[in-house]
Amino acid sequence: MSFSVEERGRPNTQDYRVFFKNSAGKYISPFHDIPAYANEAENIFHAIVEVPRWTNAKMEIATKDPLNPLKQDLKKGNLRYVANVFPHKGYIWNYGAIPQTWEDPHHKDSDTGCCGDNDPIDICDIGNKVCSRGEIIKVKVLGTLALIDEGETDWKVIVINTEDPEAADFNDIDDVRQLKPGYLEATFDWFKRYKVPDGKPENQFAFNGEFKDRDFAIKTIKSTHEFWKALISKKTDAGELNCMNTSVSDSPFFCSAGDAETVVKSVIDKWFYYEK
């Protein structure tokens, strides 16, 4: 299964979008049409890279837009960039999300006591490769950190790209602690302080900031996959989320490839095509 991306508009503008296509060259939603599992039997997941390592532009899946392209987040009407919080430069991993997952804002997590943040579950890829924006990778799950972001549960799942030359050495969170000393501490520090330059207080964490292990993280991902299933089948309220998809045929939000192309063409009519 292969995917490709198509950029519309110019990077570092409010018009910039990254649309996704399947192997047949048809437009799809990265949120709803890319399978969560790359290999379910081995608990290997797909991950969408929103922000490549060392970069600062806060790109994200546009969950409220048709077909959910990547776009840059806005803060008070301005493009959002994450500050360099010393000694870190931008994001310190390839940062992204697992498709077909959803942290349900109506569900109070029994472990954290907080509801979900209304987004796909986030990942931090610790592999050596600096990925490209919109790249789809296959990942092994190693553990997770439970960030409490303004009263909402915002899981940060630690993963490694299965194509990383060292991937076989990483199987649980303790392997990260042993083989990449300081990386988990830096990750905790980054998430604790990254909003401080914007005038916000330090973030809080469940479990006193302890990283939970692989099994716990996989259980959490699977529960958010079940929440997504309820979302895409309209068994729960989607609110402002756009669930337009081209692959879940029994979903009330299912659309044809032609309808999906019409959505993208409407974007082209508004903005110009950016050629790399």
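Residues numbered from 1 in each chain as written. Predicted model: local features only at pLDDT ≥ 70, side-chain atom pairs only at ≥ 80, totals over all residues. Heavy atoms only, no water.

*Asks:* Looking at this structure, how should I read the nonpolar core?
*Replies:* Trp-93, Ile-126, Trp-190, Phe-191 and Leu-231 are the most contacted members of the largest nonpolar core, which has 44 residues in total. In terms of residues, this core owes the most to one element, helix α2 (residues 183-193), which gives 5 residues. In terms of nonpolar packing, the next biggest core, distinct from the first, is built from 23 residues, Val-49, Cys-114, Val-157 and Ile-221 among them. (Core = buried A, V, L, I, M, F, W, Y, C linked by side-chain atoms within 4.5 Å. Buried < 20%, exposed > 50% of the residue type's maximum accessible area, 1.4 Å probe, protein only. Helix = DSSP H or I, 4+ residues; strand = E, 2+ residues; numbered from the N terminus.)

*Asks:* Can you help me understand the environment of Met-1 in this one?
*Replies:* Mapped onto the elements, Met-1 comes out in the segment before β1 (4-8). Remark: the alpha-carbon pair of Met-1 and Ala-38, spanning 37 residues in sequence, is separated by 8.9 Å.

*Asks:* Explain the pattern of salt bridges to me, please; I cannot follow it from the model alone.
*Replies:* A side chain of one charge can pair with a side chain of the opposite charge when the charged atoms of the two come close. Under the criterion given, the structure shown has 17 salt bridges. Between Glu-135 and Lys-129 there is a salt bridge; the shortest N-O distance is 2.6 Å. The buried category is assigned to Glu-135, whose relative accessible area is 18%. Members of the salt-bridge network, linked through shared partners, are Asp-149, Glu-150, Lys-195 and Lys-200. (Salt bridge = Lys/Arg side-chain N within 4 Å of Asp/Glu carboxyl O.)

*Asks:* Just checking my understanding: could you explain the side chain of Asp-109 for this structure?
*Replies:* Mapped onto the secondary structure, Asp-109 falls in the loop between β10 (94-97) and β11 (122-125). This buried residue, Asp-109, is left without a salt bridge; Lys-219 holds the nearest opposite charge, at 7.6 Å. Side-chain polar atoms of Asp-109 contact the backbone nitrogen of Thr-112, separated by 3.0 Å. When sequence neighbours within four positions are dropped, the list of residues in contact with Asp-109 reads Cys-114, Thr-153 and Trp-155. (Lys, Arg positive; Asp, Glu negative; His and termini not counted. Polar contact = N/O pair within 3.5 Å; in protein donor to acceptor, adjacent residues only side chain to side chain. Contact = heavy atoms within 4.5 Å.)

*Asks:* What's the story with the pairing of strand β13 (residues 152-161) in this structure? I'm lost.
*Replies:* Walk down a regular strand and you will see the side chains alternate between the two sheet faces. Burial of β13 is extensive: 9 of the 10 residues sit out of reach of the surface. The pairing of β11 with β13 spans 4 bridges and is parallel. Note that in β13 the partner of Cys-124 across the bridge is Ile-158. Bridging between strand β12 (residues 136-149) and β13 involves 10 bridges; their strand directions are antiparallel. The residue bridging Thr-144 from the neighbouring strand is Val-157, located in β13. (Pairing = 2+ DSSP bridges.)

Read these as geometric descriptors, not functional statements.
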